[in-house]
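Structure at a glance
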Amino acid sequence: MKSGIRTVGSEWTRSSLADLGRHGDVDAEPGLVDFAVNVRGSTPRFVREVLASRLDDLAGYPSADDEYRAVAAIADRHGRDPAEVLLLSGAAEGFALLPQLAPRRAALIQPSFTEPERALRAAGIEMDHVVLPEPWELDPRLVPDTADLVVLGNPTNPTSVLHPRAAIESLLRPGRVVVVDEAFADVVPGEPESFAGVRHSGVLVLRSITKTFALAGLRAGYLLGDPTLLRRLSARRPHWPLGTLQLAALELCAGPQASRYAHEQAVSVATQRTSMVEALRSAGLEVIGSPQGSFVLVAVADGTAVKNGLREHGYAVRSCANFVGLDADHLRFAVRDEDTVAGLIAALRKVI
């Protein structure tokens, strides 16, 4: 893949760092050490084996039994009724479905993932950007009372901030839906602030299996929430919205073996993140806030030049130029092991 290039139809277009649709995968070119994408390592063997065992089933359509088992496994994991589970073809699909709720006005807690804005803007929905001051602690008083849809991440991409569940609960109002993007919740040991197992009629929880289990190419996630809201969200979806391998992965990744694996990864992330923050600071970078996810945010002068310099030395990092409330002098680094980070630090010392 060429740097910063995406295909549109048969034409090549250059993706600007400020484009809402630009994500870290554009930067993670073959041959570069990847600090740009928040996927953990490689797909676990036990997941690959299950997916491989289903390859002969691809001649047929996805079955109702596969869907039932996936929904049941997710419901069991989170102590939910199956009617409170909506399977998704990637967590990003959950944002694309939000216009089906027909909100009058949305409030996006910023800085945060750019896909909700893209989906709501494309549907012509009015929105407010609620930009939290650094270090981005949630202040419910900043959210306009007129907002009947509020979207936030927890932990938040790219700031790695983990908001207390009580602070999010204070956003609840009659007639308001609060969407909590928990795509990275399973990399927080114990998931202490998660809403996945907590019932609130006005809360929708978005989850992903693609980060921790390294399944970004498969596209699989799910929504948890009030069945009435889930029916509204799914009313216009096509038949067979998920394929057989997606359904198999969702069932497996909600099971006990996968839960143990996810916990091990969460503990590993916490250890590696502590070491990585110290290393980044020793190289003269300012690590902002108190990161709790699988990535850290740094402020650095002339961030685009630093990003490009690291690329020349073989390292891919994520610019934050397209996040509301941040700019090109903010870079996001995925958490990696000590040896990999040591190589990054050596490159940073040459670049800065």
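Please read these numbers as outputs of a predicted model, since none were measured by experiment.

Turning to the sheet that holds strand β12 (residues 295-299), a few remarks are in order. The strand order across the open sheet built from four strands is β11-β12-β15-β14, with neighbouring strands paired in antiparallel fashion. Two strands in the sheet have a free side with no partner beyond their single neighbour: β11 (286-287) and β14 (318-319). The sheet contact formed by β11 and β12 spans two bridges and is antiparallel. In the sheet register, E286 faces β12, and the bridge partner there is A299.

The next subject is the UniProt feature "domain: Aminotransferase class I/classII large" (unreviewed entry) in the protein chain. According to UniProt, the positions carrying the feature "domain: Aminotransferase class I/classII large" (unreviewed entry) are residues 49-348. The span residues 49-348 is 35% helical and 17% strand by assignment, and the distance between its end C-alpha atoms comes to 39 Å.

Moving on to the packing of aromatic side chains. One pass over the full model with this rule turns up six aromatic pairs. When the centroid spacing of 5.8 Å and the interplanar angle of 70° are considered together, the rings of F46 and Y261 count as edge-to-face. Taken together, the residues F46 in helix α2 (residues 45-53) and Y261 in helix α9 (residues 256-282) connect sequence positions 215 residues apart. Accessibility classification places F46 together with Y261 in one group, the buried group. The rings of F46, F213 and Y261 are connected pair by pair, giving a single aromatic cluster.

All right, on to the sheet that holds strand β10 (residues 221-224) then. Strand pairing in a sheet is mediated by backbone hydrogen bonds. Such pairs are either parallel or antiparallel. Taken together, the seven strands give an open sheet; going across it, the order is β4-β10-β9-β8-β7-β5-β6, and neighbouring strands pair in mixed fashion. Both edges of this open sheet fall to β4 (85-88) and β6 (126-131), since each of them pairs with a single strand only. Ignoring which end each strand starts from, the neighbouring axes of this sheet average 20° apart. As paired strands, strand β5 (residues 105-110) and β6 are joined by six bridges and run parallel to one another.

Now for unusual backbone geometry. Cis peptide bonds are those with omega within 30 degrees of zero, and the linkage from Q110 to P111 qualifies with 0°. As for its position among the elements, P111 is in the loop between β5 and α5 (115-122). At the junction of N154 and P155, the peptide bond is cis and its omega measures out at -5° in the coordinates. Within the fold, P155 resides in the loop between β7 (149-153) and α6 (165-169).

The next thing to look at is the nonpolar core. Judged by nonpolar contacts, the single largest core of 56 residues is most densely connected at L87, I209, F213, L215 and L250. Considering each element in turn, this core owes the most residues, seven residues, to helix α8 (residues 244-253). Discounting chain neighbours no more than four positions away, the residues touching F213 are T43, P44, F46, V47, D186, C253, A258, Y261 and A262. Ranked by size, the runner-up nonpolar core spans 23 residues in total, among them L280, V296, V335 and L348.

With 95% of its residues at a pLDDT of at least 70, the protein chain reaches an overall mean of 94. Counting interchain partners and residues more than four positions distant, the pLDDT-below-50 stretch residues 1-14 has 27 contacts.

Mapped onto the fold, S53 is located in helix α2. According to the relative accessible area criterion, S53 is exposed, its value standing at 52%. Separated by 73 residues in the primary sequence, S53 and E126 place their C-alpha atoms 46 Å from one another.

What follows covers the pattern of salt bridges. Overall, the coordinates contain 21 salt bridges when judged by the stated rule. Among the salt bridges present, the one from D57 reaches R54, with a minimum N-O distance of 2.5 Å. Exposure remark for D57: the relative accessible area of 36% places this residue in the partly exposed category. Overall, R54 belongs to the buried group, its relative accessible area being 16%. Via salt bridges that share partners, R54, D57, D66, R69 and E251 belong to a single interconnected network.

For the rest of this paragraph, the subject is helix α11 (residues 338-351). Spanning 14 residues, α11 covers 20 Å between terminal C-alpha atoms, matching the ideal 20 Å at 1.5 Å per step. The secondary structure elements touched by the buried residues of α11 are α9, α10 (303-312), β13 (315-316) and β15 (330-334). The N-cap of α11, judged by a side-chain oxygen 3.1 Å from the amide nitrogen of D339 a few residues on, is D337.

To continue, consider the side chain of D27. Tracing the chain through its elements places D27 in helix α1 (residues 24-27). Within polar-contact distance, the side chain of D27 engages the side chain of K307 at 2.8 Å. When sequence neighbours within four positions are dropped, the list of residues in contact with D27 reads R22, L32, A36, K307, A316, V317 and R318.

Axis separation between α2 and α8 bottoms out at 10 Å; the angle between their running directions is 140°. Put simply, α2 runs oblique to α8. Crossing angle aside, the handedness with which α2 passes α8 is right-handed. Residue-level contacts link F46, V47, V50 and L51 of α2 to L245, A248, A249 and L252 of α8. Looking at side-chain class alone, the contact of α2 with α8 contains eight nonpolar, no polar and no charged residues.

About the criteria used
- Residues numbered from 1 in each chain as written.
- Predicted model: local features only at pLDDT ≥ 70, side-chain atom pairs only at ≥ 80, totals over all residues.
- Heavy atoms only, no water.
- Pairing = 2+ DSSP bridges.
- Helix = DSSP H or I, 4+ residues; strand = E, 2+ residues; numbered from the N terminus.
- UniProt positions renumbered as here; feature names shortened; annotations may be inferred.
- Phe/Tyr/Trp six-rings, centres within 6.5 Å; stacked < 30°, edge-to-face > 60°.
- Buried < 20%, exposed > 50% of the residue type's maximum accessible area, 1.4 Å probe, protein only.
- Axes fitted to C-alpha atoms, helices over the stretch in contact; angles between N-to-C directions.
- Core = buried A, V, L, I, M, F, W, Y, C linked by side-chain atoms within 4.5 Å.
- Contact = heavy atoms within 4.5 Å.
- pLDDT = per-residue confidence, 0-100.
- Salt bridge = Lys/Arg side-chain N within 4 Å of Asp/Glu carboxyl O.
- Expected span 1.5 Å × (residues − 1).
- Polar contact = N/O pair within 3.5 Å; in protein donor to acceptor, adjacent residues only side chain to side chain.
- Parallel < 35°, antiparallel > 145°, perpendicular 65-115°, else oblique.
- Left-handed = near helix turned anticlockwise from the far one by under 90°.
- Nonpolar A, V, L, I, M, F, W, Y, C, P; charged D, E, K, R; others polar.

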